[in-house]
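Report on the structure
Listed below are the residues making up each chain.
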Amino acid sequence: MTYAPDSTVINALSRSQQHRKALSFIICGSVGSGKRTLASQLPYQSEILFEGQLAMLNAGTKNKTQGADNPDSALLAEGVSAGQEQIDAAGHLFSADVAVILIDASQGMLTQDRQHSHLVSLLGIRKVILAINKMDLVNYSEIAFQRIVDDYRSFASQIGLAHITAIPLSALHGDNIVAPGNHMPWHQGTTLTSCLEAMEIDIARGEAISAADAPASVADQFESTIIWMHDAPLFSGRSYLLKTGSQTVTATITDIKYQMSMDSPEHLAATKLENNTVGVCNISVNRPVTFKPYNEDRDMGGFILIDRVSNRIVGMGLLHFALRRAQNIHMQHVDVDKAARAISKEQKPCMLWFTGLSGSGKSTIANLVEKRLHAMGCHTYLLDGDNVRHGLNKDLGFTEVDRVENIRRVAEVGKLMVDAGLIVLAAFISPFRSERRLARELLEEGEFIEIFVDVPLSIAEERDPKGLYRKARKGDLKNFTGIDSPYETPQAPEIHLDTASMSPDQAAELVVETIQPMSN
Ligand SMILES: Nc1ncnc2c1ncn2[C@@H]1O[C@H](COP(=O)(O)OS(=O)(=O)O)[C@@H](OP(=O)(O)O)[C@H]1O
Ligand SMILES: Nc1ncnc2c1ncn2[C@@H]1O[C@H](COP(=O)(O)OP(=O)(O)O)[C@@H](O)[C@H]1O
């Protein structure tokens, strides 16, 4: 059945909403609850938003066919979209006024419905429409409907959702979506569209101006709740882009304090957040942002996290408060700076970052490059994975989270050494693009030179200078790169060395030749 919108209602709504903002709502439903069928029955156009999780029904001011005043809605469903549109659209989640929780009447309330409701409550959305769909599968039974509503209300009251309107639906047959239909005369309440349209929201959104006696805060370290929505887990130490309002900064998760259980008030210990989990984390950003706590101001306290490599939204967050340490630590000005040191050393400081599989030749080549530079009178320092792991990073192993932290620390140390005026050589497997990018972004344009020491796994394994591949193949060494731990190849390295076809000396020569014009 296709639905033709009631233009009288829409027009009446247009006039009455002239000075109001468009209503924004999200539809949350577990797999198979009928989100798409419902979306197709609503008199608003739809557009997919989040990979794997969220999609956007885009009506309101962007609606081309229905005028300018219909509700906006976001739909928790499957779908793919990327880039700026996705980022803009995510903002709708923080401004959603109403959530439609869609439950399959034949299934009753599922764990996913509890999780969605928890999310809705976390986002501060206080108005919920409980839409019990597929009533046709339970013979339009009032008792079945009432049982689910009672279950839901008792759960909802525990998580602070009190304002709930329950509606029995058959999205397939159109009952109670726009018109009541004939199957459920016992339902005396409203239909879904009338219910949405009757929620009449004041205040237009705009620029933030805060009163002098209640100013917004400016800080660069916060405690926050993060809702993680990506297959690759969130790791402490990894950095992402953080967008709040019109501000975009680089954010590093400095500590995952705990993971929330979505079914109980429990706090779970966690070193990473998997897809669809929620955690309380400390974050640090590269420059101060203006914010208010999310529970005081949803617009100025909500943020999204964007993966720096794929540019996809990977998480949403709610700012709690600035960490006090952030307010008490200031950058200290120094008069003898990098430029002064560079002049006295007569060289352009930089970081030569060697990345590649174990046995690819990173250490051998980096060592030869350093010898040549040293002989030329350059001031250098070689940071090598094996060596750093005996000291600064001896607390770290080879899990993903430990490798992320390993490279973060090395990148920070490397930055200090570049600041000291040195040509720094770093030889680390550094298997993840994200951390190599972090290392690059800590430095100034042109200072980071990524050198991909490339070799087929089979040749690295043949070389096996430390016997580690043999151990890994036997199962005596876990998480070994290339065997049971991933290596993400560089996409645009400044220098690409194919060590299967060139000797260590040829490779070192190529590096020195390439960087000479850069480092003078
Ligand atoms: N599980 C596992 N996987 C990879 N490598 C292992 C592992 N266990 C020990 N080793 C030895 O540690 C060296 C790699 O350390 P890195 O600090 O470069 O690794 S990483 O960048 O954090 O991935 C690496 O040195 P290279 O062979 O020079 O690469 C190995 O000698
Ligand atoms: N073209 C080459 N470049 C670098 N190393 C090579 C090459 N051909 C053979 N090798 C040998 O491969 C091994 C590489 O080991 P190493 O430099 O420790 O690698 P990594 O630091 O990447 O683990 C050394 O034994 C080295 O002599």
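Source: prediction; values computed, not measured.

Comments concerning the sheet that holds strand S16 (residues 350–355)
The five strands are arranged S17-S18-S16-S19-S20 in an open sheet whose pairing can be described as parallel. The two strands at the open ends of the sheet, each matched to only one other strand, are strand S17 (380–384) and strand S20 (495–498). Strand-to-strand twist of the sheet, defined as the mean angle between neighbouring strand axes without regard to direction, takes the value 15°. Pairing of S16 with strand S19 (residues 448–454) involves five bridges; the strand directions are parallel. Paired with Phe-354 across the bridge in S19 is Ile-451.

What about the pairing of strand S13 (residues 277–291)?
Both strand S7 (residues 217–228) and S13 contribute to a ladder of 11 bridges, which runs antiparallel. Bridging across to S13, Val-218 finds its partner in Thr-290.

Topic: the site of ligand 2
Taken together, 15 residues lie near ligand 2, and Gly-359, Lys-362, Ser-363, Thr-364 and Met-502 sit nearest. The contact in question runs from an oxygen atom of ligand 2 to an N or O atom on the backbone of Gly-359, over 2.6 Å. A distance of 3.0 Å separates an oxygen atom of ligand 2 from a polar backbone atom of Gly-361. Taken by itself ligand 2 offers 560 Å² of open surface, and the protein chains cover 77% of this. With four residues, the single largest contributor to the shell around ligand 2 is helix H10 (residues 362–375). Its residues assigned to classes, the shell around ligand 2 comprises five nonpolar, eight polar and two charged.

Remarks on helix H5 (residues 142–158)
Here H5 spans 25 Å end to end across 17 residues, near enough to the 24 Å set by a 1.5 Å rise per residue. Every buried residue of H5 is accounted for by Ala-144, Phe-145, Ile-148, Val-149, Tyr-152, Phe-155 and Ala-156. The buried residues of H5 all sit within an arc of 135° when viewed along its axis, so they share a single face. Pointing more than 90 degrees away from the buried face of H5 are the exposed residues Ile-143, Arg-147, Ser-157 and Gln-158. If you check the start of H5, you find a side-chain oxygen 3.2 Å away from the backbone N of Ile-143, and it comes from Ser-141. Positive phi shows up at Gly-160, right after H5, with a value of about 85°.

Regarding the pairing of strand S4 (residues 98–104)
Summarising burial for S4: seven of the seven residues are buried, a large majority. Burial along S4 is two-sided: the residues Val-98, Val-100, Leu-102 and Asp-104 and Ala-99, Ile-101 and Ile-103 are all buried. Of the strand pairs in this sheet, strand S1 (residues 24–29) and S4 are connected by five bridges, and their pairing is parallel. Paired with Ile-27 across the bridge in S4 is Val-100. Of the strand pairs in this sheet, S4 and strand S5 (residues 127–133) are connected by seven bridges, and their pairing is parallel. When the bridges of S5 are listed, Asp-104 appears paired with Asn-133. On the question of chirality, the crossover connecting S4 to the parallel S5 by way of helix H4 (residues 111–122) is right-handed.

Re the environment of Ser-106
Structurally, Ser-106 can be placed in the loop between S4 and H4. Taking C-alpha positions, Ser-106 is 6.1 Å from Val-138, a pair spaced 32 residues apart along the chain. In this view, Ser-106 contacts Leu-137 and Val-138; residues no more than four positions away in its chain are not counted. Looking at Ser-106, its side chain comes within polar contact range of the side chain of Asp-104, at 2.7 Å.

What about unusual backbone geometry?
Negative phi characterises most residues that are not glycine, and trans characterises most peptide bonds. You will see that Lys-134, though not glycine, has its phi angle at about 60°, which is positive. Its location among the elements puts Lys-134 in the loop between S5 and H5.

Section: the environment of Tyr-240
Tracing the backbone shows Tyr-240 in strand S9 (residues 239–244). The exposure class of Tyr-240 is buried, given its relative accessible area of 2%. As for Tyr-240 and Thr-250, which are separated by 10 residues in sequence, their C-alpha atoms are 5.8 Å apart.

Section: the site of ligand 1
With respect to spatial proximity, 21 residues lie near ligand 1, and among them Ser-358, Arg-389, Arg-403, Asn-406 and Ser-430 are the closest. In this structure, an oxygen atom belonging to ligand 1 sits 2.8 Å away from a side-chain N or O atom of Arg-403. Between a nitrogen atom of ligand 1 and a main-chain N or O atom of Lys-478, the distance comes to 3.3 Å. When isolated, ligand 1 has an accessible area of 630 Å², and the protein chains bury 93% of it. Mapped onto the shell around ligand 1, the elements with two or more residues apiece are H10, helix H11 (385–388) and helix H12 (400–419). Broken down by element, the residue count for the shell around ligand 1 peaks at three residues, all from H12. Residue classes in the shell around ligand 1 are distributed as seven nonpolar, eight polar and six charged.

Structural notes on the nonpolar core
Within the largest apolar cluster, 42 residues are counted, with the highest numbers of intra-cluster contacts made by Val-120, Leu-130, Ile-132 and Tyr-152. Residue assignment for this core shows that the elements contributing at least two residues are S1, S4, H4, S5, H5, strand S6 (163–168), strand S14 (302–306) and strand S15 (313–322). Per-domain counts for this core show at least three residues from each of domain 1 (7–209) and domain 2 (218–328). In this structure, Ile-132 is in contact with Ile-103, Ala-105, Phe-145, Ile-148, Val-149, Ile-167, Pro-168 and Leu-169, ignoring residues within four places of it in sequence.

Quick look at the UniProt feature "binding site: ATP" (unreviewed entry) in the protein chain
When the UniProt feature table is mapped onto this chain numbering, "binding site: ATP" (unreviewed entry) sits at Gly-356, Leu-357, Ser-358, Gly-359, Ser-360, Gly-361, Lys-362 and Ser-363. Among the structural elements, Ser-358 can be located in the loop between S16 and H10. Residues in contact with Ser-358, not counting those within four places in the same chain, are Ile-429, Ala-460, Tyr-469 and Phe-480.

Rules behind the numbers
Residues numbered from 1 in each chain as written. Chains lettered and ligands numbered in written order. Predicted model: local features only at pLDDT ≥ 70, side-chain atom pairs only at ≥ 80, totals over all residues. Heavy atoms only, no water. Pairing = 2+ DSSP bridges. Helix = DSSP H or I, 4+ residues; strand = E, 2+ residues; numbered from the N terminus. Axes fitted to C-alpha atoms, helices over the stretch in contact; angles between N-to-C directions. Near = heavy atom within 4 Å. Polar contact = N/O pair within 3.5 Å; in protein donor to acceptor, adjacent residues only side chain to side chain. Areas by Shrake-Rupley, 256 points an atom, 1.4 Å probe, with all protein chains shown as cover. Nonpolar A, V, L, I, M, F, W, Y, C, P; charged D, E, K, R; others polar. Expected span 1.5 Å × (residues − 1). Buried < 20%, exposed > 50% of the residue type's maximum accessible area, 1.4 Å probe, protein only. Arc of directions from axis to C-beta. Right-handed = clockwise from strand over helix to strand, strands pointing away. Contact = heavy atoms within 4.5 Å. Core = buried A, V, L, I, M, F, W, Y, C linked by side-chain atoms within 4.5 Å. Domains from an automatic or database assignment. UniProt positions renumbered as here; feature names shortened; annotations may be inferred.

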